[in-house]
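Here's the letter readout for the chains.
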Amino acid sequence: MITLHGFAASNYYNIVKHTLLYKEVPFQENLIFAGSDELLKVSPVGKVPAITTAEGFNLSEANVICDFIEETYPDTPLYPTDASERAAVRQIMKIAELYLELPSRRLIPYVFSGTQAPDTVKEEVRQVLTRGIGALNQVCQFSPWIAGKELTMADIYMHYVNVVVKACAQAQLDWDVLAEIPGMKEWNKTMSQSDIAQKIEADRVANMPEFMQHVQAQIQAANAK
Ligand SMILES: N[C@@H](CCC(=O)N[C@@H](CS)C(=O)NCC(=O)O)C(=O)O
């Protein structure tokens, strides 16, 4: 059986968890936070998520893990068979990561510490997000799914990217980023109503207090240096 390493408050972790649940692949969860030696054994850069297969194969990076799951468990496919359509799905995921997720993540330390990011940082983040919004407005279809008629990996990926974008941009930039992409909010609501998304959200909420304790301990340790 696959072991999924990480914690339920992580949106990257939840991309993989949603994929496993959607494909009905049996797995067990190993609660582990970033920054531990145990995680480094299965994830070379020490980030969540990682998986270990029954054969003892370790793999990290959410989209790489999802592609591995897709290839290993091709039933209930999450990518189209046509190469162009498949590439279009990956394009949405890449744009979402580079131009929405990663710039938003620059604001996370300020969100966690309850401080405001410097204006220069905010401006840089705003510029990258603006590019991402422009790109997603060109490539997202919402007809009804993000890449067209079928639900794909891009739907799962974007749904969990939006968790971070929403929280960070609202708190630090006073900006409702999802409202800038017509159709995104309605689609996101549909995504959040699935049984899988609701289970993942319940697990995320349950894990939050322990995760925040971990974050506070890390902040205190850094301040003590
Ligand atoms: N590129 C990685 C990013 C994963 C990531 O940033 N995970 C966060 C948790 S949501 C993490 O482990 N952060 C700890 C760190 O940056 O050291 C992926 O796609 O899996």
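Residues numbered from 1 in each chain as written. Predicted model: local features only at pLDDT ≥ 70, side-chain atom pairs only at ≥ 80, totals over all residues. Heavy atoms only, no water.

Asks: Which parts of the structure should I look at to understand the overall build of the protein chain?
Replies: From N to C terminus, the protein chain includes nine helices and four strands. Traced from its N-terminal end to its C-terminal end, the protein chain shows the element sequence β-α-β-α-β-β-α-α-α-α-α-α-α. For 225 residues, the compact-globule estimate of 2.2 N^0.38 gives 17 Å, and the protein chain sits close to it at 18 Å. The principal-axis extent of the C-alpha atoms belonging to the protein chain is close to 55 × 45 × 30 Å. For the protein chain, with 225 residues in total, the buried portion stands at 44%. Considering only residue pairs separated by 6 or more positions, the protein chain has 68% of its internal contacts joining residues 24 or more positions apart. About 11,500 Å² of surface is accessible on the protein chain, with carbon and sulfur atoms providing 53% of the total. Taking the average location of the 19 positive side-chain charges in the protein chain and that of its 27 negative ones, the two points are 4 Å from each other. (Helix = DSSP H or I, 4+ residues; strand = E, 2+ residues; numbered from the N terminus. Rg over C-alpha atoms; globule rule 2.2 N^0.38 Å. Buried < 20%, exposed > 50% of the residue type's maximum accessible area, 1.4 Å probe, protein only. Contact = heavy atoms within 4.5 Å. Areas by Shrake-Rupley, 256 points an atom, 1.4 Å probe, with all protein chains shown as cover. Lys, Arg positive; Asp, Glu negative; His and termini not counted. Charge placed at Lys NZ, Arg CZ, Asp CG, Glu CD.)

Asks: How should the packing of aromatic side chains be read in this particular structure?
Replies: Each pair of aromatic rings is reported with the distance of its centres and the angle of its planes. Tallied over the entire structure, the rule returns six aromatic pairs. On the basis of an interplanar angle of 70° and a centroid distance of 5.8 Å, the ring pair of Phe 112 and Phe 211 is categorised as edge-to-face. Of the two residues, Phe 112 is situated in helix α5 (residues 108-113) and Phe 211 in helix α9 (residues 195-224); the sequence distance between them amounts to 99 residues. With centroids separated by 6.0 Å and ring planes inclined at 50°, the aromatic side chains of Phe 142 and Trp 187 adopt a geometry described as tilted. Here Phe 142, found in the loop between α6 (119-139) and α7 (153-173), pairs with Trp 187, found in helix α8 (residues 184-192); they are 45 residues apart in sequence, far enough to count as distant. As far as burial versus exposure is concerned, Phe 142 and Trp 187 are alike and both buried. The rings of Phe 7, Phe 33, Phe 112 and Phe 211 are connected pair by pair, giving a single aromatic cluster. Geometry around Tyr 79 places Arg 90 over its ring, the cationic atom sitting 4.4 Å from the centre. (Phe/Tyr/Trp six-rings, centres within 6.5 Å; stacked < 30°, edge-to-face > 60°. Lys NZ or Arg CZ within 6 Å of the ring centre and 35° of its normal.)

Asks: I'm lost on the domain arrangement of the protein chain in this one. Help?
Replies: Domain parsing of the protein chain yields domain 1 (2-76 + 195-224) and domain 2 (83-192). Once you take the C-alpha centre of each, domain 1 and domain 2 turn out to be 20 Å apart. Across the domain 1 to domain 2 interface the summed buried area is about 1,600 Å²; carbon plus sulfur atoms make up 65%. Looking at the side of domain 1 facing domain 2, the largest losses of area belong to Asn 11, Tyr 12 and Ile 15, adding up to 35% of the total buried there. Linking domain 1 with domain 2 are one salt bridge, by the criterion used here. For Asp 67, the salt bridge is made with Arg 90, and the minimal N-O distance between the two is 3.5 Å. Counting across the domain 1 and domain 2 interface gives four residue pairs in polar contact (both at pLDDT 80 or more). Only α1 (11-22), α3 (62-72) and α9 provide two or more residues apiece to the side of domain 1 that touches domain 2. Of the residues that constitute the side of domain 1 that touches domain 2, the class distribution is nine nonpolar, seven polar and one charged. (Domains from an automatic or database assignment. Buried area = accessible area lost by both parts, 1.4 Å probe. Salt bridge = Lys/Arg side-chain N within 4 Å of Asp/Glu carboxyl O. Polar contact = N/O pair within 3.5 Å; in protein donor to acceptor, adjacent residues only side chain to side chain. Nonpolar A, V, L, I, M, F, W, Y, C, P; charged D, E, K, R; others polar.)

Asks: For this particular structure, what's the right way to read the site of the ligand?
Replies: Surrounding the ligand, one finds Ser 10, Asn 11, Tyr 12, Ala 34, Lys 47, Val 48, Pro 49, Glu 61, Ala 62 and Arg 105. Between the ligand and Lys 47 there is a distance of 3.4 Å, counted from an oxygen atom to a side-chain nitrogen or oxygen. Taking Val 48, its main chain carries an N or O atom lying 2.8 Å from a nitrogen atom of the ligand. Expressed as a share of its isolated accessible area of 510 Å², the protein-covered part of the ligand is 76%. In terms of residue class, the shell around the ligand is made up of five nonpolar, two polar and three charged. (Near = heavy atom within 4 Å.)

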